[in-house]
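Chain by chain, the residues run as shown.
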Amino acid sequence: MMLRSAAAALLLSATLAAQQAPTWRLPSRGAAEYRRTYAAASDAAGKAAEAHALDAKGKVPDDLLPDLLPAPWICQGELAPDQRAIGDAPRDLRDVLRFVAGDLRLDGAVRLRAHRIVPFGDLVLTGKAEPFAADGAQTLELAIATEDPEVLPGESKATMAKFVRDLCKHRAKGELRLRRTFDAQRGALGSWQGELSLVFEEGKGVWRKLVVRDAHDLVAVHDNQDAAFRGAVAQAIREGSKWLERDLRDLGNKRLQDADDGSRTYGAGRIALALLTLLHAETTPDDPAVVAGFAELRKRVLVDTYSLSVALMALAERYTPPGEADLLRSGALPAPKPRVLSAEDKLLAEQWLATLLKNIDTRHKPDRKLAFNYTAGPRFDNSLNQYGLLGLYAALLCQLDVPTTAWGAAAEHQLLQQCDHFGRTAVPQLVRYAERAAMARGDGAPARSGTGAPMPVRGFCYREPTKPAYGSMTAAGVGSLLISRFGLLRTGQGKSDLLPKVDAGVASGFAWLGEEFTVRSNPGFVERGDDSYYYYLYGLERTCELAGVALLHGRDWYYEGAVQLLALQNRNGSWPVERRGRLMIDATCFAVLFLKKAALPPITGG
């Protein structure tokens, strides 16, 4: 009897200890909002020891830290299954402190690995963590050393060596100091303050010290898509639209001009993108900015696939019936209604379509394999394919003569462009909007749509599948397959033998997007992590909306992405560029299109 009592006491003690262990308790798909204080500095010295002793205060070289600072929020969807750590791996040096701070499991000996923190390699953090004190406080001091990048799931050793290793060019040593407090009542970190420093040999006889300081203080814990969130999104869309309207008033500015040699008409494309964005943001077609923008487009000679396609999309949106998107999402409307263009606009659209149909990869017969180039020539890329197909579908909605063979030929080409999965498989876990609505009503358990079986995890890269996949191009590739599928259905080819292959390609693409999901950077190939960020979010929105996906691998992709965009928006309504050479008009359009959920809802029939 005494043994049984002792065992019971031990079991009770262990249970209480587990219950008292700090654990994130955020609302389902909700988030913790923080107030952030961030700074980074750097200086150089002639010797390693001297660099370690520096009190760095100088400017950080451009190649060490990305420009955009992710939102000071922690979303419940980011957390590991045990809700005791951030499950998403840090993508760059800015997020390493956050990654450590959010890991409530750290107690005793610590060994953490942050993969591919470019340009340093894998960061290995080691040390010892004392238990949380009675007041919820804990201090961590960890040593940092870099190691060669490990091979990750979904890639080969040769791929890593060829494309990743050279990006990790600096061997570094340093330390991380962190103090954090856990707020047991709110089930979240109440605050944390940390400093990370690295010293590395920048060049012969030059040693550089880089210091990143970050502090977070808890502001509030939010439910998923609560009233405050919805109001903030609406306000962000209004302010972004106002900025775009102001920017379009000066149609003669350099950003909106085309190449002098006529080889590219990106200026016209940006005008069209702004018009598309304003119309989706419920600016009326007779608004002076919209009228002036279309008048300017009529004066231009559009030549490249991007500009032609976005112009067709903008024209189709100008004639979209009010409330159509809501009717499609509810199922009251099975497919978009044909757009009835004026005679003048129809003639213009026909001219744009005729030019677009010439801008193909000339290595293939377009009725067999259809791929788009900037203009006619022996190349393609998955970004132009996406735009080309969006333009064709807009033309189809406008009742123009699009070759019936285009949809199957485009699908045949796109299916050949998915990257190798190198044995990696996953079940695409997709919750559709109708299923989520049923869940909210309490009509049943959470549903997960998809194949029900593991699929190859296959993404897309920029061109032929010879490089590692990444987010913006995977969203583009999956979107192209979905648009091809819709084109087949719309043109009465619903029994095509291609549809099962397209569906399998879409499922593999969604498996990649789910496994690699993050909205804090462009996921996948680390070289592209801080590039094309807004374009990635725009592609993610379009792909999920085209497929009617509300939850991707259990994550509310829209909520998590919108949180980032709301934090990044400038006071004047625009969004800052992610890299030098990019333009705020593009960033702002992509951000507003994401927030507005601008893509067509899923189309299941003709």
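Let me sum up the structure you'll find in this document. As the structure is a computational prediction, the values presented were derived from the model and not from experiment.

Another aspect to go through is the overall build of the protein chain. Broken down by element type, the protein chain carries 18 helices and 12 strands. The C-alpha atoms of the protein chain give a radius of gyration of 26 Å, which matches the 25 Å a tight globule of 606 residues would have. Taking the principal axes of its C-alpha atoms as reference, the protein chain extends roughly 85 × 70 × 45 Å. Every one of the 606 residues in the protein chain was classed for burial, and the buried ones make up 56%.

With respect to topology, 8 strands assemble into an open sheet ordered β2-β1-β8-β7-β6-β5-β4-β3, the strand pairing being antiparallel. Sheet topology places β2 (73-75) and β3 (108-117) at the edges, where each strand pairs with a single neighbour. Averaged over all neighbouring strand pairs, the angle between strand axes comes to 25°, with direction disregarded. Relative to strand β8 (residues 206-222), strand β1 (residues 31-45) runs antiparallel, the two being bridged by 15 bridges. Across the sheet, residue A41 finds its bridge partner in β8, namely V211.

All right, on to the nonpolar core then. L392, F510, Y534, W575 and L595 are the most contacted members of the largest nonpolar core, which has 129 residues in total. Beyond its immediate sequence surroundings of up to four residues, L595 is in contact with V233, A236, I237, Y558, A562, L565 and W575. Within the second largest apolar cluster, 42 residues are counted, among which are I117, F120, L140 and L198.

Close approach of charged atoms allows side chains of opposite charge to pair. For the structure shown, the criterion picks out 47 salt bridges. For the salt bridge of R186 with D183, the shortest nitrogen-to-oxygen distance reads 3.2 Å. One salt bridge connects R208 with E202, and the closest N-O pair in it is separated by 2.8 Å. You can call R208 buried: its relative accessible area is 12%.

In the structure shown here, the tally under the stated rule is 14 aromatic pairs. With 6.0 Å between their ring centres and 80° between their planes, Y266 and Y306 make a pair best called edge-to-face. Placement of the pair is Y266 in helix α6 (residues 266-280) and Y306 in helix α8 (residues 305-318), with a sequence separation of 40 residues. By relative accessible area, Y266 is classed as partly exposed at 29%. Centre to centre, the rings of W557 and Y558 are 5.9 Å apart; their planes meet at 85°, and the pair counts as edge-to-face. Residue W557 shares its accessibility class with Y558, and that shared class is buried. Cluster of aromatic residues (ring-pair linked, three or more members): Y266, Y306, Y387, Y535, Y538 and F590. Above the face of the Y374 ring, R264 is positioned so that its terminal group lies 4.2 Å from the ring centre. One Lys or Arg, R542, reaches over the ring of Y538 and ends 4.4 Å from the middle of that ring.

What follows covers unusual backbone geometry. Of all residues except glycine, most have a negative phi; of all peptide bonds, most are trans. With an omega of 10°, the peptide bond running from V118 to P119 counts as cis. Tracing the backbone through its elements, the reader meets P119 in the loop between β3 and β4 (121-129). In this structure, H553 takes a positive phi of about 50° despite not being glycine. Within the secondary structure, H553 is located in the loop between β12 (549-552) and α17 (557-568).

Turning next to the pairing of β8. In this structure, strand β7 (residues 188-203) lies alongside β8, joined through 12 bridges in antiparallel fashion. For V199, the partnering residue across the bridge sits in β8 and is K209. Between the end of β7 and the start of β8, which pair antiparallel, lie 2 residues, with G205 showing a positive phi angle near 75°.

Another point: helix α16 (residues 533-547). Compared with the 21 Å implied by 1.5 Å per residue over 15 residues, the 21 Å span of α16 between its first and last C-alpha is a close match. Among the 15 residues that make up α16, 15 are buried, leaving the element largely enclosed by the rest of the structure. Where α16 ends, the next residue or the one after it, G548, has phi of about 70°, a positive value.

Here we take up empty space enclosed by the protein. According to the stated counting rule, one finds 2 cavities of 30 Å³ or more in the structure shown. As for the largest cavity, its lining consists of 16 residues, and the residues nearest its centre are L68, R94, R520, S521 and Y533. Looking at side-chain class alone, the lining of the largest cavity contains 7 nonpolar, 4 polar and 5 charged residues. If you add up the space inside the second largest cavity, you get close to 30 Å³. Contributing to the lining of the second largest cavity are C75, E78, D88, T518, V519, R520, R555, E560 and Q564.

In this section: the pairing of β7. Inspection of the sheet shows strand β6 (residues 172-183) paired to β7 by 12 bridges, in the antiparallel sense. Across the sheet, residue L178 finds its bridge partner in β7, namely G194. Taken together, β6 and the strand that follows it, β7, pair antiparallel across an intervening segment of 4 residues, in which G187 is found at a positive phi of about 65°.

This next bit is on the side chain of S307. Tracing the chain through its elements places S307 in helix α8. Here S307 is in contact with T265, Y266, G269 and L302, once residues within four sequence places are set aside.

Between its terminal C-alpha atoms helix α10 (residues 343-356) stretches 20 Å, which fits the 20 Å expected from 14 residues at 1.5 Å a residue. Of all the positions in α10, only D345, L348, A349, W352, L353 and L356 are classed as buried. Down the axis of α10, the buried side of the element spans an arc of 135°, and every buried residue falls inside it. Seen from the open side of α10, the exposed residues pointing more than 90 degrees away from its buried face are A343 and E344. As for α10, its buried residues are in contact with α7 (288-299), α8 and α11 (382-397).

Moving on, we come to the layout of surface pockets. Considering only enclosed or pocket space, the second largest pocket measures out at about 1,000 Å³ in volume. As for the second largest pocket, its lining consists of 40 residues, and the residues nearest its centre are H280, E317, T320, A325 and A598. Those elements that place two or more of their residues in the lining of the second largest pocket are α6, α8, α9 (324-330), α11, α14 (471-490), α16 and α18 (584-596). Counted by class, the lining of the second largest pocket contains 24 nonpolar, 5 polar and 11 charged residues.

Conventions and cut-offs
Residues numbered from 1 in each chain as written. Predicted model: local features only at pLDDT ≥ 70, side-chain atom pairs only at ≥ 80, totals over all residues. Heavy atoms only, no water. Helix = DSSP H or I, 4+ residues; strand = E, 2+ residues; numbered from the N terminus. Rg over C-alpha atoms; globule rule 2.2 N^0.38 Å. Buried < 20%, exposed > 50% of the residue type's maximum accessible area, 1.4 Å probe, protein only. Pairing = 2+ DSSP bridges. Axes fitted to C-alpha atoms, helices over the stretch in contact; angles between N-to-C directions. Core = buried A, V, L, I, M, F, W, Y, C linked by side-chain atoms within 4.5 Å. Contact = heavy atoms within 4.5 Å. Salt bridge = Lys/Arg side-chain N within 4 Å of Asp/Glu carboxyl O. Phe/Tyr/Trp six-rings, centres within 6.5 Å; stacked < 30°, edge-to-face > 60°. Lys NZ or Arg CZ within 6 Å of the ring centre and 35° of its normal. Expected span 1.5 Å × (residues − 1). 1 Å grid on protein atoms, 1.4 Å probe; cavity = no way out; pocket = protein on both sides within 12 Å on 5 of 7 lines; lining within 4 Å. Points joined across faces, edges and corners; volume = space filled by probe spheres on them. Nonpolar A, V, L, I, M, F, W, Y, C, P; charged D, E, K, R; others polar. Arc of directions from axis to C-beta.

Everything listed here is a matter of geometry and, on its own, says nothing about what the molecule does.
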